[in-house]
Amino acid sequence: MSSAAKKKTFSSEVEMEEQPDLILIRLPKEISKEFHLSLESNFKTWVELSKKLYVIDFNFNYDVSRNVLSALSRLIKELSSKDKKVASINVTTELERYLKEIALISSFFPVKDLNIARKAAGLSLVKPKSRVDAEFLKPFIEATQNTLETQVGVKLQAGKPFAKGKGEKLNIDIAGVVNLSCPEFKGAIALCFASATFLNIYEKMVGEKHTSITEEVKDAAGEILNIIFGQAKTTLKNKGYGLSSVIPTVLTGSKLNVGFRTSSSAIILPFKTDLGEFHIEIAVDLD
Amino acid sequence: MFAPGTRVLVVDDMTTMRKVVMRSCKELGLAPMFEAADGNQAWNVLNEKSGEIDLIISDWNMPNCTGLEFLKRVRADARFKALPFVLLTAESEASQVKEALLAGVDNYVIKPFSTAVLGQKLGQVHKKLSA
């Protein structure tokens, strides 16, 4: 959740989050029979809030009853009468099909993520405020720590992020790379290791000792990055970033130079472990 | 927990993850005997080794045939309908796990995971199926 966002749980079931530019109403994972009543009891408060956009997060729920849909439909009508925009996210394909059948698809307006809802409502899109936007970088740091500690079993210490100098070459022999692709900005992330660190991490993770980076071991760089990216993506999605799923590519070579086709230079997130040091390079194009 | 020597089919497109899962299985006393790189390969292995596989641990996101597609194929076949099936998912896919539960998956494990967590999840499956 954005630091500027206020989150309030009205009951044990429904959650409302006031973000700087929108209201997010999140349905619970399990919907009780009386859920529509607790939902309706909050309508008045929600409608009075001075936001232009309201987004209903269906939380990929399969058990949305007619009562709940009718209640939400009434809320949407009331919001529309006050010239407010409504969209829905995390809607299952089944529910989307049902909304089409009952001719409510345009009222609920299911979209892939918050930024598409923002765009449709004429609001500006969320993107990193700068190359060193802590809100954007933090999920990657946390996901790296969690992944390495849980999957590899190694404690790591995150260093202070810094900008990569122009033409600066770091000690890299293998890197997993994913391109960041979303409507609001382009960029790329690389998880970079020197050979010794990578082989130490591989040995700890898989239990096999190798003395050089071969075809057999190199996909580990892509898989570790994949797990990191999956976690960071989930956190960033809740902040409004619509990052797509991507398959990482792995680059290898002696003293590799990871370059990005972005106008700005990369930010380096350094990490220290008992198995050696490694880093993540993140570059985003904000133009 | 599953009995020592329980024969496991491990499915993942990443060699490293297959090795990680197989290593965890061994640490848990299981016998990871078969492996496949996607749902299609896994389906072939399952058919060839029918009767020799006691448990499937499969990744979700794979090319050609995903873990979910493989699960649906397994559950649609009377021979494998009751075969314990555990899915590995990235955190970003966790929200779609209900689809897998509806398709008949017995449990799921979110990556990253430790051997202890895998063991715990397998224990839940065994308990459920033995009840």
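Residues numbered from 1 in each chain as written. Chains lettered and ligands numbered in written order. Predicted model: local features only at pLDDT ≥ 70, side-chain atom pairs only at ≥ 80, totals over all residues. Heavy atoms only, no water.

Notes on the overall build of chain B
(1) Moving on: Each helix and strand in chain B was counted, giving 5 helices and 5 strands.
(2) Moving on: Oriented by its inertia axes, the alpha-carbon framework of chain B measures out at about 35 × 30 × 30 Å.
(3) Moving on: A burial count over chain B gives 53% of its 131 residues as buried.
(4) Moving on: Sequence separation of 24 or more characterises 65% of the internal contacts of chain B that already satisfy a separation of 6 or more.
(5) Moving on: Accessible surface, chain B: about 5400 Å² in total, of which carbon and sulfur atoms supply 51%.
(6) Moving on: When the 16 basic and 15 acidic side-chain charges of chain B are each reduced to a single mean position, those positions are 5 Å apart. (Helix = DSSP H or I, 4+ residues; strand = E, 2+ residues; numbered from the N terminus. Buried < 20%, exposed > 50% of the residue type's maximum accessible area, 1.4 Å probe, protein only. Contact = heavy atoms within 4.5 Å. Areas by Shrake-Rupley, 256 points an atom, 1.4 Å probe, with all protein chains shown as cover. Lys, Arg positive; Asp, Glu negative; His and termini not counted. Charge placed at Lys NZ, Arg CZ, Asp CG, Glu CD.)

So, the overall build of chain A
(1) Moving on: Looking only at helices and strands, one finds 9 helices and 12 strands in chain A.
(2) Moving on: Here chain A holds 287 residues, and the buried ones make up 53% of them.
(3) Moving on: A total accessible area of about 13300 Å² is found for chain A, and carbon and sulfur atoms account for 50% of it.

Some details on the interface of chain B and chain A
(1) Moving on: Contacts between chain B and chain A engage 18 residues on the former and 27 residues on the latter.
(2) Moving on: Summed over both partners, the interface of chain B with chain A buries about 2100 Å², with 55% contributed by carbon and sulfur atoms.
(3) Moving on: Counting the contacts that link chain B with chain A gives 3 salt bridges.
(4) Moving on: With its nearest N and O atoms 3.0 Å apart, the salt bridge here joins Lys19 of chain B to Glu208 of chain A.
(5) Moving on: If you tally residues by element for the side of chain B that touches chain A, the top one is helix H1 (residues 15–27) of chain B, at 6 residues. (Buried area = accessible area lost by both parts, 1.4 Å probe. Salt bridge = Lys/Arg side-chain N within 4 Å of Asp/Glu carboxyl O.)

Examining the nonpolar core
(1) Moving on: If you look at the biggest cluster of nonpolar residues, it comprises 62 residues, and the most contacted ones within it are Phe136, Phe140, Ile189, Leu269 and Ile282 of chain A together with Ile57 of chain B.
(2) Moving on: Every residue in contact with Ile282 of chain A, bar those within four places of it in the chain, is listed here: Phe136, Leu137, Phe140, Ala188, Ile189, Ala266, Ile267 and Leu269 of chain A.
(3) Moving on: Membership of the second largest hydrophobic core comes to 29 residues, among which are Phe35, Leu49, Tyr54 and Phe58 of chain A. (Core = buried A, V, L, I, M, F, W, Y, C linked by side-chain atoms within 4.5 Å.)

Description of H1 of chain B
All names here are of chain B.
(1) Moving on: The end-to-end C-alpha separation of H1 is 18 Å, in line with the 18 Å expected for 13 residues at 1.5 Å each.
(2) Moving on: Residues of H1 that are buried include every one of Thr16, Met17, Arg18, Lys19, Val20, Val21, Met22, Ser24 and Cys25, and no others.
(3) Moving on: Immediately beyond the C-terminal end of H1, within one or two residues, lies Gly29, with a positive phi of roughly 90°. (Expected span 1.5 Å × (residues − 1).)

Some points on helix H3 (residues 66–81) of chain A
All names here are of chain A.
(1) Moving on: The first and last C-alpha atoms of H3 sit 22 Å apart over 16 residues, in line with the 22 Å expected at 1.5 Å per residue.
(2) Moving on: What H3 keeps buried is the set Val68, Leu69, Ala71, Leu72, Ser73, Leu75, Ile76 and Leu79.
(3) Moving on: Looking one or two residues past H3, Asp83 carries a phi angle of roughly 65°, positive in sign.

As for the pairing of strand S4 (residues 85–90) of chain B
All names here are of chain B.
(1) Moving on: Burial analysis of S4 places 6 of its 6 residues in the buried class, the great majority of the element.
(2) Moving on: Every second residue of S4 is oriented toward a common face, with Phe85, Leu87 and Thr89 on one face and Val86, Leu88 and Ala90 on the other, all of them buried.
(3) Moving on: Pairing of S4 with strand S5 (residues 107–111) involves 5 bridges; the strand directions are parallel. Opposite Val86, over in S5, you have Asn107 as the bridge partner. (Pairing = 2+ DSSP bridges.)

Focus: the domain arrangement of chain A
All names here are of chain A.
(1) Moving on: With domains assigned, chain A is organised as domain 1 (6–120) and domain 2 (134–285).
(2) Moving on: Carbon and sulfur atoms supply 39% of the area that domain 1 and domain 2 bury against each other, a total of about 590 Å² over both sides.
(3) Moving on: Counting the contacts that link domain 1 with domain 2 gives 0 salt bridges.
(4) Moving on: Counting across the interface, domain 1 meets domain 2 through 1 residue pair in polar contact (both at pLDDT 80 or more). (Domains from an automatic or database assignment. Polar contact = N/O pair within 3.5 Å; in protein donor to acceptor, adjacent residues only side chain to side chain.)

Remarks on the sheet that holds S5 of chain B
All names here are of chain B.
(1) Moving on: Taking strand neighbours across the sheet as the criterion, the 5 strands line up as S2-S1-S3-S4-S5 in an open arrangement whose pairing is parallel. Strands with a single pairing partner mark the edges of an open sheet, and in this sheet they are strand S2 (31–36) and S5. Taken over all neighbouring pairs, the strand axes of this sheet differ in orientation by 20° on average, direction set aside.
(2) Moving on: In this fold helix H5 (residues 115–130) packs onto strand S3 (55–59), S4 and S5, with an angle of close to 170° to the strand it touches most, S5. (Axes fitted to C-alpha atoms, helices over the stretch in contact; angles between N-to-C directions.)

Description of unusual backbone geometry
(1) Moving on: Omega for the peptide link from Lys111 of chain B to Pro112 of chain B comes to 0°, which places this bond in the cis form.
(2) Moving on: Topologically, Pro112 of chain B is positioned in the loop between S5 and H5.
(3) Moving on: If you check the backbone angles, Asn59 of chain A has positive phi at about 55° while not being a glycine.
(4) Moving on: Position of Asn59 of chain A among the secondary structure elements: in the loop between strand S4 (53–57) and H3.
(5) Moving on: Of note in the backbone geometry, Asp83 of chain A takes a positive phi value of approximately 65° without being a glycine.
(6) Moving on: Along the polypeptide, Asp83 of chain A turns up in the loop between H3 and strand S5 (85–89).
(7) Moving on: Classification of Asp83 of chain A as exposed rests on a relative accessible area of 61%.

Considering the environment of Asn146 of chain A
(1) Moving on: Inspection of the secondary structure assignment puts Asn146 of chain A in helix H7 (residues 134–152).
(2) Moving on: The exposure class of Asn146 of chain A is partly exposed, given its relative accessible area of 34%.
(3) Moving on: Sequence separation of Asn146 of chain A and Leu275 of chain A is 129 residues, and the distance between their C-alpha atoms is 16 Å.
(4) Moving on: Aside from chain neighbours lying at most four places away, what touches Asn146 of chain A is Gln151 and Gln231 of chain A together with Pro112 of chain B.

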